[in-house]
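Structure at a glance
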Amino acid sequence: PPGHAAAEPARLVVDVVSIEPFEVIALRQTGAFADLDQGYIALFTWATEAGVVDRISGLYGIPMGDHREMAAADFVFDCAVRLDTDDSPPAPMRRLLVAGGEFACTRHVGAFENIEDHVDRVLALWLPASGMALRDAPIHHHFLDDPEQVPEALLRTDIYLPIQSGPD
């Protein structure tokens, strides 16, 4: 009918970036994707109690698989904060080095549970024509907004897919 347009996905924008490795404080979570906030709450609780919460400079996530294709009991995800401190966190939190190198960086806007759909679009639409190939390093997410302060539809996440020059 007039005035009704089919919803089209946002235009796919991918930048090739090179980043230096960086350290985060990580807490490994196993379970449902919807329960990951418990890992971030634990990280922020520790940082607050340690007096270093104001030194957090980024929120990150490192998925070990696709939550859409796994049973909740098998889904593993490292919740992480970048923190300007030498403080050692209590176990099971740990320091973790996030790999550097070349990445395809793309911004997802919307619900966190739809990030993997965005990754699928990059792999299907951008990667084959890019001259690049995936390399063996984890994907990581950089969460730019606080879901307690920003509406779900406006949440921004930068997705970093590790790449290298592909076969000629």
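Our subject is the structure listed above.
Here's a quick rundown of the structure. Every chain is numbered on its own, with residues counted from 1 as its sequence reads. Local features in this predicted model are restricted to residues whose pLDDT is 70 or higher, and side-chain atom pairs enter the listing and the counts only when it is 80 or higher, whereas totals over whole chains, interfaces and linings include all residues. Here the side-chain values reflect all heavy atoms present in the structure, with hydrogen atoms and water set aside.

1. Description of the packing of aromatic side chains
How we decide: Pairing of aromatic side chains requires ring centres within 6.5 Å, counting the rings of Phe and Tyr and the six-membered ring of Trp. Pairs whose planes differ by under 30 degrees are stacked, by over 60 edge-to-face, and all others tilted. Secondary structure counts use DSSP, requiring at least four H or I residues in a row for a helix and at least two E residues in a row for a strand, with both numbered from the N terminus. Each residue's exposure class comes from its accessible area (1.4 Å probe, protein chains only) as a fraction of the maximum for that residue type: buried when under 20%, exposed when over 50%, partly exposed otherwise.
For the coordinates displayed, the defined rule picks out seven aromatic pairs. Relative to Phe143, the ring of Tyr40 lies with its centre 6.1 Å away and its plane at 85 degrees, an arrangement referred to as edge-to-face. With Tyr40 in helix 1 (residues 37-49) and Phe143 in strand 8 (residues 140-143), the pair connects residues that are 103 residues apart, well separated along the chain. Classification of Tyr40 by relative accessible area gives buried; the value is 14%. We classify Phe143 as buried; its relative accessible area is 12%. Plain terms: the ring middles of Phe75 and Phe77 are 6.1 Å apart, the flat faces sit at 40 degrees to each other, and that makes the pair tilted. Residue classification places Phe75 among the buried positions, given a relative accessible area of 2%.

2. Quick word on the pattern of salt bridges
Here is the rule: Here, a salt bridge means any side-chain nitrogen of Lys or Arg that lies within 4 Å of a carboxyl oxygen of Asp or Glu.
Scanning the entire structure with this criterion turns up eight salt bridges. Between Arg107 and Asp158 there is a salt bridge; the shortest N-O distance is 2.7 Å. Linking Arg107 in strand 6 (residues 101-109) with Asp158 in strand 9 (residues 156-165), this pair joins segments that are 51 residues apart in sequence. Residue Arg107 is classed as partly exposed on the basis of its relative accessible area of 41%. Linking Asp145 and Arg156 is a salt bridge whose minimum nitrogen-to-oxygen distance equals 2.9 Å. Here Asp145, found in the loop between strand 8 and strand 9, pairs with Arg156, found in strand 9; they are 11 residues apart in sequence, far enough to count as distant. For Asp145, a relative accessible area of 13% puts it in the buried group. On the basis of relative accessible area, Arg156 is assigned to the partly exposed category, the value being 32%. Beyond isolated ion pairs, a larger network of salt bridges with shared partners links Asp66, Arg68, Asp117 and Asp120.

3. Comments concerning helix 1
Which entries qualify depends on this criterion: The span expected for a helix works out to 1.5 Å for each residue beyond the first. The arc in question is formed by the directions pointing from the helix axis toward the C-beta atoms. Only heavy atoms enter the contact rule, under which two residues are in contact if any of them lie within 4.5 Å.
Helix length check: helix 1, at 13 residues, gives a terminal C-alpha distance of 18 Å against a target of 18 Å (1.5 Å per residue), a fit within 8%. Looking only at helix 1, the buried set comprises Gly39, Tyr40, Leu43, Trp46 and Ala47. Projected onto a plane normal to the axis of helix 1, the buried residues spread over an arc of 125 degrees and lie on a single side. Residues of helix 1 that are buried in the fold lie against strand 2 (22-30), strand 3 (56-63), strand 4 (76-83) and strand 8. Looking one or two places after helix 1, you find Gly51, whose phi comes out positive at around 75 degrees.

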